Amino acid sequence: MSIRIIAMDMDGTLMAPDHLTVTQRTRNALQHAHDAGVKIAIATGRTMAYISDVFDQVPMVDYVIQSNGAAVFDRKKNEYIYTSLLDWDFSKKIIEYIETLPVFYEIYAHGKSYANPQKAQFFSNPEVPRGFIDHLMNNMELHTDVVSEISGNNLEKINLYCPDSHLDSTLFDRLWQEFSAIEGVDVASALPGAIEMTRKGVTKGSALAGLCDALGFTPNQAMAFGDAGNDCPMLQLAKYSFAMENGTDQCKKSAKYIAPSNADDGVAKMVEKFVLDKCK
């Protein structure tokens, strides 16, 4: 069997369109693959605070690539095996600038999300179900002075959300250009209007490459699924890479194959075809 590890984005990929549910067919396919000896990894832009409840649905997950690759967590050993974080002194200046903007932002540090509730008025996105936004808010650490609360901590990721992006992309385009020009930062996006900043060189692809190396696998033995721009490096790396039918054009160009949408059990169908059928 050539596939030794399966790495999956969560929102728009592993999760159903509600961003909260993993279908029974997908759970079964992943469990059968795991029983056959395939390692299972989640590769997400989320931090650990937004993942723990998902493990009740997919308890077979071995590894978590979180915050777009800023950290890799070994669930069996219950420890981080890799981190590449934004330096605090560097990050502080970015956060203080974002505070002056009409955007909602959140900071990922040591597995938690920190946000300023005074910015909540800007947290809206027609692409995301209201129930999922409420779920995110319920799992955030809310502080009116985020800088003081997390002072001294190196960061996994900085997220910001432009509320007007679906009506007027001017603000999003301007901020994308500004943050892309900052030395030492990589920017990506998983949702329309969202900008995600990590340390330079940190991607889901670099994290998956490091994980494969640690396990003694090659990218030719990796299967990967994604739907958005932040998944592209991972899809370019893995030999068996799948963009979801509901994914962006950029994502589809980065993948070797197209999977059915997340609403049509795309992950399950491709795992059944490329992994489970080979085990028979």
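Right above here is the structure, for reference.
The present account deals with the structure reproduced in this document. Treat the numbers as computed from the prediction; the structure is a model and nothing was measured.

1. Some thoughts on the pattern of salt bridges
And step 1. This model, assessed by the stated rule, comprises twelve salt bridges.
And step 2. In this structure, the salt-bridge partner of E141 is K112, at a minimum N-O distance of 3.8 Å. Placement of the pair is E141 in strand β8 (residues 140-142) and K112 in strand β7 (residues 112-115), with a sequence separation of 29 residues.
And step 3. On the basis of relative accessible area, E141 is assigned to the partly exposed category, the value being 29%.
And step 4. K112 sits in the partly exposed class, given a relative accessible area of 36%.
And step 5. The salt bridge partner of K252 is E245, with a shortest N-O separation of 3.5 Å.
And step 6. Note on K252: relative accessible area 24%, which makes it partly exposed.

2. Quick notes on the sheet that holds strand β6 (residues 104-109)
And step 1. One open sheet holds the six strands; their spatial order is β8-β7-β6-β9-β11-β10, and the pairing between them is mixed. Among the strands making up the open sheet, the edge pair consists of β8 and β10 (185-188). When strand polarity is set aside, the average angle formed by the axes of neighbouring strands in this sheet is 25°.
And step 2. Across the sheet, helix α3 (residues 88-98) is in contact with β6, β9 (157-161), β10 and β11 (194-199); its angle to β9 comes to roughly 10°.
And step 3. Of the strands in this sheet, β9, β10 and β11 are in contact with helix α6 (residues 170-180), which crosses β11 at around 5°.

3. With respect to helix α7 (residues 204-215)
And step 1. Spanning twelve residues, α7 covers 16 Å between terminal C-alpha atoms, matching the ideal 16 Å at 1.5 Å per step.
And step 2. Buried residues of α7: K204, G205, A207, L208, L211 and C212, and no others. The buried side chains of α7 occupy one side of the element, clustering within an arc of 160° when seen end-on. The exposed residues of α7 that point more than 90 degrees off its buried face are D213 and A214.
And step 3. The backbone nitrogen of G205 lies 3.1 Å from a side-chain oxygen of the residue at the head of α7, namely T203.

4. Details of the environment of A70
And step 1. On the secondary structure map, A70 appears in the loop between β3 (63-66) and β4 (71-74).
And step 2. In this structure A70 comes out as buried when scored by relative accessible area, which is 0%.
And step 3. Spatially, the C-alpha atoms of A70 and G201 are 9.5 Å apart, while their sequence positions differ by 131 residues.

5. Details of the environment of G69
And step 1. Positionally, G69 belongs in the loop between β3 and β4.
And step 2. Between the alpha carbons of G69 and G229 there is a distance of 14 Å; along the sequence they are 160 residues apart.

6. What about the packing of aromatic side chains?
And step 1. One pass over the structure, following the stated rule, counts ten aromatic pairs.
And step 2. Between the aromatic rings of F242 and Y257, the centroid separation amounts to 5.0 Å while the plane-to-plane angle is 20°, which identifies the pairing as stacked. Of the two residues, F242 sits in strand β13 (residues 240-244) while Y257 sits in strand β14 (residues 257-259), which places them 15 residues apart along the sequence.
And step 3. Residue Y257 is classed as partly exposed on the basis of its relative accessible area, which comes to 34%.
And step 4. Counting every residue linked through ring pairs, the aromatic cluster contains F225, Y240, F242, Y257 and F274.

7. Focus: the nonpolar core
And step 1. Counting 35 residues, the largest nonpolar core has I6, M223, F225, V271 and V275 as the members making the most contacts within it.
And step 2. Only β1 (5-8), α1 (10-14), α2 (24-35), β2 (39-43), β12 (222-226), β13 and α10 (266-279) provide two or more residues apiece to this core.
And step 3. By size, the runner-up hydrophobic cluster in this structure holds 25 residues, among which are W88, L101, V147 and L171.

8. So, α10
And step 1. For α10, built from 14 residues, the straight-helix expectation of 20 Å at 1.5 Å per residue is met to within 8% by its first-to-last C-alpha distance of 19 Å.
And step 2. At E272, α10 is deflected by roughly 40°, the largest bend along its length.

9. Considering the packing of α2 against α10
And step 1. Axis separation between α2 and α10 bottoms out at 8 Å; the angle between their running directions is 25°. In terms of axis orientation, α2 runs roughly parallel to α10. Seen from above, α2 lies across α10 with left-handed handedness. Of α10, the residues touching α2 (which contributes R25, T26, A29, L30, H32 and A33) are V267, A268, K269, V271, E272, V275 and L276.

Parameters at a glance
Residues numbered from 1 in each chain as written. Predicted model: local features only at pLDDT ≥ 70, side-chain atom pairs only at ≥ 80, totals over all residues. Heavy atoms only, no water. Salt bridge = Lys/Arg side-chain N within 4 Å of Asp/Glu carboxyl O. Helix = DSSP H or I, 4+ residues; strand = E, 2+ residues; numbered from the N terminus. Buried < 20%, exposed > 50% of the residue type's maximum accessible area, 1.4 Å probe, protein only. Pairing = 2+ DSSP bridges. Axes fitted to C-alpha atoms, helices over the stretch in contact; angles between N-to-C directions. Contact = heavy atoms within 4.5 Å. Expected span 1.5 Å × (residues − 1). Arc of directions from axis to C-beta. Polar contact = N/O pair within 3.5 Å; in protein donor to acceptor, adjacent residues only side chain to side chain. Phe/Tyr/Trp six-rings, centres within 6.5 Å; stacked < 30°, edge-to-face > 60°. Core = buried A, V, L, I, M, F, W, Y, C linked by side-chain atoms within 4.5 Å. Bend = angle between axes of the 7 residues up to and from the residue. Parallel < 35°, antiparallel > 145°, perpendicular 65-115°, else oblique. Left-handed = near helix turned anticlockwise from the far one by under 90°.

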